[in-house]
Structures are given as C-alpha cells and as structure tokens.
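Spelled out, the chains give:
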Amino acid sequence: MSFRLKTILGIAFIEIVLLSLLVFSSMQYLKSSNEEQLVNRAKTSAQLFATMTADAVIATDLATLDELMAKTITNPDITYIRARNADGFVLSQSGDKEALGRDFIADKNIEDAHLDKTFDVRHEISLANEVFGYIELGVSTQTLEELLQKAEQRMFGVAAIEILLVGVFGFILGGILTRQLKSLQIGAKQVAKGKLGHTITVRGKDELADTAESFNEMSRALETYAVELKEARDHAIQKRALAESILEDAVESLSQGVLIVDESSNIVHVNQAFADIYELDDNKMSQLQTCSDVCQNIESTDGEQLVCNPQLSQMEMPVSKLPSGRHVMHSYKALSMGGGVWVDTDITQVMEAEERNRKLEHDLLQSQKMESIGTLAGGIAH
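Because the structure is predicted, anything quoted here is derived from the model rather than measured.

Conventions we followed
Residues numbered from 1 in each chain as written. Predicted model: local features only at pLDDT ≥ 70, side-chain atom pairs only at ≥ 80, totals over all residues. Heavy atoms only, no water. Helix = DSSP H or I, 4+ residues; strand = E, 2+ residues; numbered from the N terminus. Rg over C-alpha atoms; globule rule 2.2 N^0.38 Å. Buried < 20%, exposed > 50% of the residue type's maximum accessible area, 1.4 Å probe, protein only. Areas by Shrake-Rupley, 256 points an atom, 1.4 Å probe, with all protein chains shown as cover. Salt bridge = Lys/Arg side-chain N within 4 Å of Asp/Glu carboxyl O. Pairing = 2+ DSSP bridges. Axes fitted to C-alpha atoms, helices over the stretch in contact; angles between N-to-C directions. Contact = heavy atoms within 4.5 Å. Expected span 1.5 Å × (residues − 1). Core = buried A, V, L, I, M, F, W, Y, C linked by side-chain atoms within 4.5 Å.

Novice: Even after reading the chapter, I still don't get the overall build of the protein chain, so can you show me in this structure?
Specialist: The number of helices and strands found in the protein chain is nine helices and nine strands. Relative to its length of 382 residues, the protein chain is extended, with a C-alpha radius of gyration of 62 Å against a globular reference of 21 Å. Seen along its three principal axes, the alpha-carbon backbone of the protein chain occupies a region of about 210 × 45 × 35 Å. Residue burial in the protein chain is summarised as follows: out of 382 residues, 30% are buried. For the protein chain, the computed accessible surface area is about 25,000 Å², with 57% contributed by carbon and sulfur atoms.

Now the structure itself:
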C-alpha cells in the first residue's frame, strides 16, 4: 500500500468518524428539540381549546362546541379533538374517525405515540376548583417523523459529498506530500546502484525538504568517501606493488638461494641464486611446483637422496652435496601466515678451505714427525 493511499484512507477514516459523530449528535438534538416542541404545542393547543370551550361545556352548548371544533380541526397537525363532560360523556368531537374510534390513553412522551403516530393529550375544564369536563386532543407525529427522515437523508447526503471531496482533496494532498518522498525513493535507488553523489530537487521548506537536503548531503558525503577510499586503495596497491618489487629485488640480489613456499609446500617464488646453485635452466625452473620437486635433484654428501621436509628441525641432513660437487647448507623459517622460506647457502669454498686446512695440518704433523725422527737418529749416531 502506497503512502498516498494510506494518507487518503487515514484522512477519510478520520472524516467518517467525525461526520458520524456530528450527524448522530445533530440528529439527536433535532429529534429531541422537535419532539419537545410537538409536546408543548399539543399541550398548549389542548389548554387553549379548553379555555375557549369552557363556557360551552359548562352550559352544555353543543352548537357552539361543534362550531369551535370545526374551526380548530382545520389545523393540519391536529388529528382529532373531543369534548367530554365530567361524567365522561362525549359532548362533541371532530377529526379522523379511526382516531376517534380508539380508546383514549394520554401519552406521556413521544415514544408512547409511535404506535398510532398520534400524541394524545388531555386537559380538564374546571371552574372554582370544580371539574366540568375534559378536552382530548391528538396531534399527528407523522409530520415530525417525515421531517426527521428528510433531515437524516440530507445530512447523510452532505456527509457523503464531504467524504467524496475529502477523498479528492486527500488524493491531491497525498500527491503533493509524496512527491518529495517519491524523489527520495528514486534517489535512494540510484545511490544503491552505485551512483554516489546523486542529488534530488528540494521543494519547499518543510520537514520533507529538510529530509531531502539531508539525503543530498549524505549522497555527496558517500561520493567523497568513495573517492577517498579509492585513492587510499590505489595508494595501498601502489605501496604494496613497490614493496613487493623492492622485496623481489632484494631477494634476487642475495647470493643465497631463496625458495618461498605456501602452507601446502607449493613454490611461490625462487630467486636466481637458487637456480644457479642447482644449475636449473628456465625449462627446469618452470617444472618446479613443490618443495619435493627440488629435493629430487639434491643428493647428500654420501650419495643418498635428501629427505625433503619443510622444517629445518626435522630435516635429516641440513647439508647436501650436489652432483656438481657443490656443498649446500639448508635452513628453513616458518611464516606466520603459513608456509615458509627455505634458504640454501653455497658453502663449497668453506668446505674446500676446511679440507685445505686439514691437509696443511696433516702435512705439518708429518713434517714435525720426520724432524723428530731425524733428531732422534742424529742423537743415536753420536
């Protein structure tokens, strides 16, 4: 359900409730006031007619009574009128025959008159506290009921027209109110698609306009943040590339052979010194995938193949002699992110120097032994 429809239904509901209360209260007031007027009119008419006919009733002047009744019954609201003496005998009557044929029962209120639609009222004719007769009069409630019915229809008609007008104006008002919200909705979708910095037109100076302005500021801030983030990311990539380049140059500049492996012992990087130590050409280098591929080309000093294990503490022979005659010392350092660095150092010159030192020591020892033997022999000869 759209916001516009919710606005229309909300306004219409409030209007219906208020109009219902207004119609109900107005009808109640109209009904009670007109019923009160009818009752007062009936009682006043009975009292007035009793005063007019008092002399005729007391004197039992039937001709005068008939004439007065003929004039009174011309009132369109009076259904019937009847004059009785003190004993209840009918002296004269006029009006609707059906109403005159019913037994007279005085009504206390309008509700009692709904059955025969006639409000029946009685007024006594007295003189010097002596009752000489009664006047019975009936006032029709049909006119009142028709009046109330027409008033009710008219009120409901006006209410229906007002509700219709409220719906029309509510639709127009809803369109005005939701126009800014529609712009916000479209703008939010544009930003969600990645069009950061997208702004919408701000209309008016109300709360919706403030919200639209806040949206524009947010969109511009997101655009600025995205630009700064991209610049920072590009700068970080450049720094990383530079660091990797420096690191690669540093590794390539080392005289030691460096082999970097990941957590699965797959080769990540091999420097040129490593290839030179093992005399690997480009074709062989391209075939090296794991640490084990390198170990297959390494022989120990006693001619046995080196057992490759990517941890120096677990390597069985940290020094190997290659078929080329080179002596290589192996070392391994585990990386915190997994994998490690295998560093091979060519110690051939060191080994040869140690061999020469051992030969010199042996030759020196032999020379000292021969000198000692010569000295001993000379002593014996003397």
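Next comes the rest of the write-up.
Novice: Help me understand the pattern of salt bridges, please; the structure alone is not making it clear to me.
Specialist: If you walk through the whole model with that rule in mind, you get 11 salt bridges. The salt bridge partner of Arg240 is Glu244, with a shortest N-O separation of 3.1 Å. Separated by four residues within a single helix, Arg240 and Glu244 lie in helix H5 (residues 207-253), roughly one turn from each other. Overall, the relative accessible area of 59% leaves Arg240 in the exposed class. Asp346 serves as the salt-bridge partner of Arg326, at 3.8 Å between the closest nitrogen and oxygen. Highlighted residues: Arg326 in the loop between strand E7 (319-321) and strand E8 (327-334) and Asp346 in strand E9 (residues 340-346), separated in sequence by 20 residues. One network of salt bridges, with partners in common, ties together Arg82, Arg84, Arg122 and Glu136.

Novice: Can you walk me through the sheet that holds strand E4 (residues 130-140) in this structure?
Specialist: Note on sheets: strands pair through backbone hydrogen bonds, and any given pair is parallel or antiparallel. Pairing is antiparallel in the open sheet, where four strands are placed in the order E2-E1-E4-E3. In the strand order of this sheet, the two ends are held by strand E2 (90-95) and strand E3 (118-127), each with one partner. Between one strand axis and the next, the sheet turns by 10° as a mean value, whatever way the strands run. One ladder, built from 10 bridges, connects E3 with E4; its direction is antiparallel. Counterpart to His123 in the pairing with E4 is Ile135. Most of the contacts of helix H2 (residues 62-72) go to E2, to which it runs at about 20°, and overall it touches strand E1 (78-85) and E2.

Novice: Looking at this structure, I do not really get the sheet that holds E7. What am I missing?
Specialist: If you walk across this open sheet you meet the five strands as E6-E5-E9-E8-E7, and the pairing is antiparallel. With one partner strand each, in any of the chains shown, strand E6 (267-270) and E7 form the two edges of the open sheet. Strand-to-strand, the axes of this sheet are offset by a mean angle of 25°, without reference to chain direction. Pairing geometry for E7 and E8, over three bridges, is antiparallel.

Novice: It is not clear to me how H5 should be interpreted in this structure. Could you clarify?
Specialist: What sets the pattern is the α-helix's 3.6 residues per turn: residues three or four places apart point alike. For H5, built from 47 residues, the straight-helix expectation of 69 Å at 1.5 Å per residue is met to within 8% by its first-to-last C-alpha distance of 67 Å. Within the span of H5, buried status applies to Ala209, Ala212, Phe215, Asn216, Ser219 and Val251.

Novice: Teacher, can you tell me more about the pairing of E1 here?
Specialist: Consecutive side chains of a regular strand alternate in pointing toward one face of the sheet and then the other. With respect to burial, E1 is a largely interior element, eight of its eight residues being buried. Inspection of the sheet shows E1 paired to E2 by five bridges, in the antiparallel sense. Each bridged residue has a counterpart across the sheet, and for Tyr80 the counterpart in E2 is Gly95. The hairpin turn running from E1 into E2, its antiparallel successor, is four residues long, and Gly88 in that turn takes a positive phi close to 90°.

Novice: Just checking my understanding: could you explain the nonpolar core for this structure?
Specialist: Across soluble globular proteins, nonpolar side chains have a tendency to be buried as a group. Counting residues in each nonpolar core, the largest one holds 26 residues, and the members touching the most others are Phe119, Ile135 and Leu137. Looking at this core, the elements that each hand over two or more residues are helix H1 (3-58), H2, E1, E3, E4 and helix H4 (142-192). With nine residues, H1 is the largest single contributor of residues to this core. The contacts of Leu137, once residues within four sequence positions are left out, are Ala42, Ser45, Ala46, Ile78, Tyr80, Ile81, Phe104, Phe119, Asp120 and Val121. Counting residues in hydrophobic clusters, the runner-up holds 15 residues, among them Val270, Phe274, Tyr278 and Leu288.

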